[in-house]
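# Observations on the three-dimensional arrangement
Residue strings, one per chain:
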Amino acid sequence: MKLRSFLRDKAVLLTAFFLAFVFVLIFLSVLRVPGYSIGFIAGVLLLAMLAGLLTEYLYKRAYYRQVEKHLEALDKKFLLMELLERPSFAEGEILYDTLRRTGKAMNDEIALYKRQSTEYREFIETWVHEVKTPIASSLLLIENHPDEVTRSIGEEIGKIDGFVEQALYYSRSNSVEKDYLVKKSSLKEMVYGAVRRHASGFIENKVTVSVEEVDFTVYTDVKWVDFILGQLFVNAIKYKQDPASIRIYAQEWDNRIALYIADNGIGMSEADAARAFEKGFTGENGRRYAKSTGMGLYLCRKLCDKLGLSITLTSCPGSGTTVRIVFPKGTMHLL
Amino acid sequence: MAKIYIIEDDPKIRTELSLLLTKYGYECRASDSFEGVVDAVLTYEAQLLLLDINLPVFDGYHICREIRKGSDVPIIMVTSRDSDVDELMSMNLGADDFITKPYNTQILLARISSVLKRTYQGGGSKTISHSGVTLDLSKSIASHEGREVELSKNEVRILHLLMKHPSAIVSREAIMNDLWQSDEFVDDNTLTVNITRLRKRLETIGVYDYLITKRGQGYMV
């Protein structure tokens, strides 16, 4: 609170006082009161006014300074009212009470949305599990009645399964609660497991997979990483160019482990690569080659952020894309 | 072959799963009532149990616990929920493996055979024979009229897969998928090389034209 703005608020009071002051002085001199008496009265009046203003200014300044200090220090600004004490001047009291009430109303509103989003999330989780049963039985039916048509239906069902999985992880990535379990895991097992699970996709599309040195221990959630790898594999297959191959390898540096998934696909321009992780971004490839939702890489980045992994991508049009996932090696993340 | 009992509430999955497992040479039974299912499993003397978690009447955990009271039959839990809690629960209750729906059938079959192998190993070497050729899986040796030849890991897997389906065409994709499930990520060319080499090896023990190529479809023994 600046002194100037404080005085500006008091402009009416000050003008009135000044007019009254001048009037009193004139009035006294008309009454022929001796000069020293007038001087004394003027002094007393000025002093009283000054002292009153100064006290009020200092008091209010101290209070609002505290408000600003708390506000600055707070990470979640809306919690400010929890830290403040009720001031003892009238305007402050009104403002304090009003803010408290609006704050409370806002909290109720937030709680409502929180509950709704939790409910929605629970519904999605249940729905995903429900829908997995018909998917499983369809796949079994297809497996037991192999011919051209069912094989083709099988591919479509596989896509549905992929989208369902995306929906599940999207709702998980949005949840406020911690929904993952970081533990000591074998990178090799994760990579091999993910490749095994996507075996038919790779084989049908004639993609050669070579897994090199990946025998490291990392701290992360196996299922989430499995999902992320799956998204990357699907992309590698979608944007392949023959003869397609994908190379998976890992390197250790500075207490970190970097996993590389390198394909020799159609790649993308630098401009597209820079935006590849944005939500809904499809880029030139998404428009030209395969229909894309722009969700896969966005989800990868989001899940990586939550797990404390870094995911980056380099690409060269015509010669492939390399995705790098960096796992912190320390156990700090377990905490 | 091994007897498998399926506890699953979805009728379609139940029938299709038994059909699939029967096709792969297992003897199957599934129940459609869940009341006395524990006794049914024990009297059937199943060698493996496929158990769904979400069931009417009692859930899979309960059945798992009940069965463990009287039997050490290997149990594979099957579920559409993939939470860590479910997996942990299953393992704590004494299940041998855990697999989520929708399962890749190759993975399911691989898990079943590995659990069976783990539980019932012993009883001598495992061999499989078809029209004069015998494959010894534990020694990786193929034999014909007293002559033997050693095979590589991939060759054993390929030959085993083909011999498991005698007189049926097995597609190249299916063979590759089978190899991939044992972490051999072979591509098309490597498979051709493996097949050629397998044929040559078989010729050294006097077996000719054992692997028949069905153009555009796959292979057959």
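Residues numbered from 1 in each chain as written. Chains lettered and ligands numbered in written order. Predicted model: local features only at pLDDT ≥ 70, side-chain atom pairs only at ≥ 80, totals over all residues. Heavy atoms only, no water.

### Points about a nonpolar patch on the surface
All names here are of chain A.
- Together, F18, L19, V22, I26 and V30 make up an exposed nonpolar region whose accessible area comes to about 490 Å².
- Mapping L19 onto the fold places it in helix α2 (residues 11-30).
- Among the residues examined, L19 registers a relative accessible area of 55% and is labelled exposed. (Patch = residues over 30% accessible without salt bridge, like charges linked within 9 Å, V, L, I, M, F, W, Y side chains within 5 Å. Areas by Shrake-Rupley, 256 points an atom, 1.4 Å probe, with all protein chains shown as cover. Salt bridge = Lys/Arg side-chain N within 4 Å of Asp/Glu carboxyl O. Helix = DSSP H or I, 4+ residues; strand = E, 2+ residues; numbered from the N terminus. Buried < 20%, exposed > 50% of the residue type's maximum accessible area, 1.4 Å probe, protein only.)

### Looking at the interface of chain A and chain B
- In this complex, chain A contributes 33 residues to the contact, which on the side of chain B involves 31 residues.
- Buried area between chain A and chain B, summed over both chains or domains, comes out near 2900 Å², and the portion from carbon and sulfur atoms is 59%.
- Considering only the side of chain A, the residues that lose the most area to chain B are L140(A), R196(A) and I203(A), jointly responsible for 22% of the buried surface there.
- Across the pair K223(A) and E87(B) runs a salt bridge whose closest N-O atoms are separated by 3.5 Å.
- Counting across the chain A and chain B interface gives five residue pairs in polar contact (both at pLDDT 80 or more).
- Mapped onto the side of chain A that touches chain B, the elements with two or more residues apiece are α5 (90-144), α6 (148-174), α7 (187-197), α8 (199-204) and β2 (208-211) of chain A.
- Top element by residues in the side of chain A that touches chain B is α5(A). It accounts for 11 residues. (Contact = heavy atoms within 4.5 Å. Buried area = accessible area lost by both parts, 1.4 Å probe. Polar contact = N/O pair within 3.5 Å; in protein donor to acceptor, adjacent residues only side chain to side chain.)

### Observations regarding the side chain of S315(A)
Residues and elements named next belong to chain A.
- Summarising the element assignment, S315 is placed in strand β6 (residues 310-316).
- Polar contacts involving the side chain of S315 include one to the main-chain amide nitrogen of M268, which spans 2.8 Å.
- Here the side chain of S315 touches T321 through a polar contact of 3.1 Å, side chain to side chain.
- If sequence neighbours within four positions are ignored, S315 has contacts with G267, M268, A273, G320 and T321.

### Quick notes on the packing of α6(A) against helix α9 (residues 222-238) of chain A
Residue and element names in this part refer to chain A.
- Interhelical geometry of α6 versus α9 gives an angle of 130 degrees and a closest axis separation of 12 Å. Taken together, α6 and α9 sit at an angle that is classed as oblique. Like other packed secondary-structure pairs, α6 and α9 cross with a definite hand, here left-handed. Seen from α6, the contacting residues are E165, Q166, Y169 and R172; seen from α9, they are K223, W224, F227 and Q231.
- Residue classes in the contact of α6 with α9 are distributed as three nonpolar, two polar and three charged. (Axes fitted to C-alpha atoms, helices over the stretch in contact; angles between N-to-C directions. Parallel < 35°, antiparallel > 145°, perpendicular 65-115°, else oblique. Left-handed = near helix turned anticlockwise from the far one by under 90°. Nonpolar A, V, L, I, M, F, W, Y, C, P; charged D, E, K, R; others polar.)

### Thoughts on the domain arrangement of chain A
- Here chain A is partitioned into domain 1 (3-85), domain 2 (120-174) and domain 3 (183-334).
- Inter-centroid distance (C-alpha atoms) of domain 1 of chain A to domain 2 of chain A is 73 Å. (Domains from an automatic or database assignment.)

### So, the nonpolar core
- One finds L187(A), V195(A), I248(A), L259(A) and W180(B) to be the most contacted residues of the largest nonpolar core, which totals 87 residues.
- Here this core takes nine residues from α9(A), the largest share from any one element. (Core = buried A, V, L, I, M, F, W, Y, C linked by side-chain atoms within 4.5 Å.)

### Quick notes on the pattern of salt bridges
Residue and element names in this part refer to chain A.
- Summed over all chains, the structure comprises 31 salt bridges over all chains.
- With its nearest N and O atoms 3.1 Å apart, the salt bridge here joins R275 to E278.
- You can call E278 partly exposed: its relative accessible area is 36%.
- A single salt-bridge network, built from bridges that share partners, covers K10, E56, K60 and E91.

### Here's the deal with the packing of α9(A) against helix α12 (residues 296-307) of chain A
Residue and element names in this part refer to chain A.
- At their nearest, the axes of α9 and α12 sit 10 Å apart, and the two run at 155 degrees to each other. In this view, α9 runs roughly antiparallel relative to α12, as classed from their interaxial angle. Considering how the two elements wind past one another, α9 and α12 form a crossing that is left-handed. For the pair formed by α9 and α12, the contact residues are W224, V225, F227, I228, Q231, L232 and N235 on the first element and G296, L297, L299, C300, L303, C304, K306 and L307 on the second.
- Each residue belonging to the contact of α9 with α12 can be placed in one class, and the counts come to 11 nonpolar, three polar and one charged.

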